[in-house]
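# Structural description and commentary
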Amino acid sequence: MAFELPNDFKCPISLEIMSDPVILQSGHTFDRVSIQQWIDSGNRTCPITKLPLSENPSLIPNHALRSLISNFAHVSPKESSRPRTQQEHSQSQSQALISTLISRSSSNASKLESLSRLVRLTKRDSSIRRKVTESGAVRAALDCVDSCNQVLQEKSLSLLLNLSLEDDNKVGLVADGVIRRIVAVLRVGSPDCKAIAATLLTSLAVVEVNKATIGSYPDAISALVSLLRVGNDRERKESATALYALCSFPDNRKRVVDCGSVPILVEAADLGLERAVEVLGLLVKCRGGREEMSKVSGFVEVLVNVLRNGSLKGIQYSLFILNCLCCCSREIVDEVKREGVVEICFGLEDNESEKIRRNATILVHTLLGIPMNS
């Protein structure tokens, strides 16, 4: 049997059951989404009493009424013959959170709560990611990145990272000015914020045009290199991953080399960060990268250690780097031979990876001076 909920549970503006009831300074209660839209439209009077409101009216959560509505709905038949789906509930919830986030009158605490809940919702729901973007909430999130409140900054970066999962958002976020905020965070943010900022750059760099834009942005690459040098384990891993994504664009390789990255990457590789080896595998493709690598004392030993103890991908890149360097320097050929690399390569002939087998064969031919067609 259908059941009508009390009229007091309905918003005086939308005439729908309130999901987030708040009390206006006039003493009347409205659903947050509806009254926020009323205020954002420039209205400064109470919709019911017509009494004037302050310039930035406070919206006080009506916890008692919210609890009543929740309990009443739980024990009573539904208004609708069809229960709301989880997606419909999430969509409705997200709208209220977006309204709070974009409102100029919302406190930092309210924005933080909205950001935290939006991060959870956008992590798993593509439709909500699109809704947040289309609502204009990106600008509000970017403003929160500029905040001195580190927790607010971290949550806003996490939201932007989730939004960047949508390919259509990647270019738009860059156009909205997200790179400037990311670079600032990489320089002076908290460790967690720096790591998220680097991850966000990696996500944005999936799009080719963004690789060029990020690479040419002042201090973007140098900030990543600096983070790789002085960051904690998570920061170093995320910065190396971002550099790898950017270096797939050829013009960025020289920029990364010019920032003094090669010795830092070699040190990181020596400490076990194999992502650094992968970045070096891209930098070795440019002349400046090869020249810098040949100057780093102990670099060959680092690569040989990866050949002996590294992952399949680390071995693949180490073989490739060694071959590129040996093709350009007789001295490096002699050093690589002394390290027993020929024997290591012979042992890789039966490796499960076709790329490793091929790279090992090529390196052996280079070291022994045997033409590849022999």
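Just above sits the structure.
Rules used throughout
- Throughout this document, residue positions are counted from 1 along each chain, in the order its sequence is written.
- Per-residue local features are limited, in this predicted model, to residues with pLDDT of at least 70; the limit for side-chain atom pairs, both in listing and counting, is 80 or more; totals at the level of whole chains, interfaces and linings are taken over all residues.
- Side-chain figures throughout are based on the complete set of non-hydrogen atoms in the structure, without hydrogens or water.
- In this text, helices come from DSSP runs of H or I with a minimum length of four residues, and strands from runs of E with a minimum of two, each type numbered from the N-terminal end.
- Only C-alpha atoms enter the radius of gyration, while the globule expectation follows 2.2 Å times N to the 0.38, with N the number of residues.
- For every residue, the accessible area obtained with a 1.4 Å probe (protein chains only) is divided by the maximum for its type, and the residue is called buried under 20%, exposed over 50%, and partly exposed between those limits.
- The contact definition used throughout considers only heavy atoms, calling two residues in contact when any of these lie within 4.5 Å.
- Surface accessibility in these figures is a Shrake-Rupley result with a 1.4 Å probe; residues are shielded only by whichever protein chains are displayed.
- Residues scored as charged are limited to Lys and Arg (positive) and Asp and Glu (negative), so that His and the chain ends carry no count.
- Just so you know, the charge point we use is NZ for Lys, CZ for Arg, CG for Asp and CD for Glu.
- Note on pairing: DSSP must find at least two bridges between two strands before they are called paired.
- For every element, the axis is a line fit to its C-alpha atoms; helices are fit only across the contacting stretch, and the angle between N-to-C directions ranges from 0 to 180 degrees.
- Each patch is built from residues lacking any salt bridge and having more than 30% relative accessible area; the joining distance is 9 Å for like charges and 5 Å for nonpolar side chains (Val, Leu, Ile, Met, Phe, Trp, Tyr).
- Definition used for salt bridges: Asp or Glu carboxyl oxygen within 4 Å of a side-chain nitrogen of Lys or Arg.
- Comment on the angle field: the value is read as roughly parallel under 35 degrees, roughly antiparallel over 145, roughly perpendicular from 65 to 115, and oblique elsewhere.
- Handedness of a helix crossing follows the sense of rotation of the near helix relative to the far helix, less than a right angle counterclockwise being left-handed and clockwise being right-handed.
- We call Asp, Glu, Lys and Arg charged. Ala, Val, Leu, Ile, Met, Phe, Trp, Tyr, Cys and Pro are nonpolar, and the rest, Gly among them, are polar.
- Aromatic rings from Phe, Tyr and Trp, taking only the six-membered ring of Trp, are treated as a pair when their centres fall within 6.5 Å; an angle between ring planes under 30 degrees marks them as stacked, one over 60 as edge-to-face, and anything in between as tilted.
- Note on geometry: a ring has a charge over it if NZ (lysine) or CZ (arginine) is within 6 Å of the ring centre and within 35 degrees of the ring normal.

### Focus: the overall build of the protein chain
In terms of helices and strands, the protein chain carries 22 helices and three strands. For 374 residues, the compact-globule estimate of 2.2 N^0.38 gives 21 Å, and the C-alpha radius of gyration of the protein chain, at 28 Å, exceeds that figure by more than 25%. If one aligns the C-alpha atoms of the protein chain with their principal axes, the spans along those axes are about 90 × 45 × 30 Å. When burial is assessed residue by residue, the protein chain has 49% of its 374 residues classed as buried. Intrachain contacts of the protein chain at a sequence separation of at least 6 include 63% that bridge at least 24 residues. Carbon and sulfur atoms form 50% of the exposed surface of the protein chain, whose accessible area is close to 18300 Å². Looking at the protein chain, you have 45 positive and 43 negative side-chain charges, and the mean spots of the two groups are 3 Å apart.

### Comments concerning the sheet that holds strand β1 (residues 21–23)
Strand order in the open sheet formed by three strands is β2-β1-β3, and the pairing between neighbours is antiparallel. Two strands in the sheet have a free side with no partner beyond their single neighbour: β2 (29–31) and β3 (60–61). In this sheet, β3 lies alongside β1 in antiparallel orientation, the contact comprising two bridges. Pairing of isoleucine 23 across the sheet is with isoleucine 60, part of β3. Helix-sheet contacts for helix α1 (residues 32–40) involve β1, β2 and β3, and the interaxial angle to β2 is about 95°.

### What about a nonpolar patch on the surface?
There is a patch of nonpolar side chains on the surface, built from Phe346, Leu368 and Ile370 and spanning about 250 Å² of accessible area. One can find leucine 368 in helix α22 (residues 354–368). Owing to a relative accessible area of 42%, leucine 368 belongs among the partly exposed residues under this scheme.

### Some points on the packing of helix α8 (residues 167–175) against helix α11 (residues 208–216)
With their axes 10 Å apart at the nearest point, α8 and α11 run at an angle of 25° to one another. Taken together, the axes of α8 and α11 are roughly parallel relative to one another. Crossing hand, α8 versus α11: left-handed. Together, Lys170, Val171 and Val174 of α8 and Val209, Asn210 and Thr213 of α11 make up the contact between the two elements. Classifying every residue of the contact of α8 with α11 gives three nonpolar, two polar and one charged.

### So, the environment of leucine 204
Within the fold, leucine 204 resides in helix α10 (residues 191–204). Relative accessible area serves as the criterion here: at 0%, leucine 204 is assigned to the buried category. C-alpha separation for the pair leucine 204 and isoleucine 179, spaced 25 residues apart in sequence, amounts to 9.5 Å. Excluding its chain neighbours within four sequence positions, the residues that come into contact with leucine 204 are Ser164, Lys170, Leu173, Val174, Val178, Ile182, Asn210 and Ile214.

### Remarks on the packing of aromatic side chains
Applying the stated criterion across every chain, the model contains one aromatic pair. Across from the ring centre of tyrosine 244, 5.3 Å away, lies the NZ or CZ of arginine 275, which sits over that ring.

### A look at unusual backbone geometry
You will see that lysine 50, though not glycine, has its phi angle at about 65°, which is positive. With respect to the secondary-structure elements, lysine 50 resides in the loop between α1 and β3. Residue aspartate 219 is not a glycine yet carries a positive backbone phi of 75°. Relative to the elements of secondary structure, aspartate 219 occurs in the loop between α11 and α12 (220–230).

### Focus: helix α5 (residues 126–134)
Given 3.6 residues to a turn, an α-helix orients residues that are three or four positions apart in the same direction. Looking only at α5, the buried set comprises Ser127, Ile128, Arg129 and Val132. Looking one or two residues beyond α5, the residue adopting positive phi is glycine 136, at roughly 90°.

### Details of the pattern of salt bridges
On inspection of all chains with the given rule, the structure shows 18 salt bridges. Of the charged contacts in the structure, one is a salt bridge between arginine 180 and aspartate 146, with a shortest N-O distance of 4.0 Å. Taken together, the residues span a long stretch of sequence, with arginine 180 in helix α9 (residues 178–188) and aspartate 146 in the loop between α6 (137–145) and α7 (150–163) at a distance of 34 residues. The partner of aspartate 258 in a salt bridge is lysine 254, and the shortest N-O contact between them spans 2.7 Å. Placement of the pair is aspartate 258 and lysine 254 together in helix α14 (residues 250–258), with a separation of four residues, close to one helical turn. For aspartate 258, a relative accessible area of 53% corresponds to the exposed category. Linked through salt bridges whose partners overlap, the residues forming this network are Asp143, Asp146, Arg180 and Arg181.

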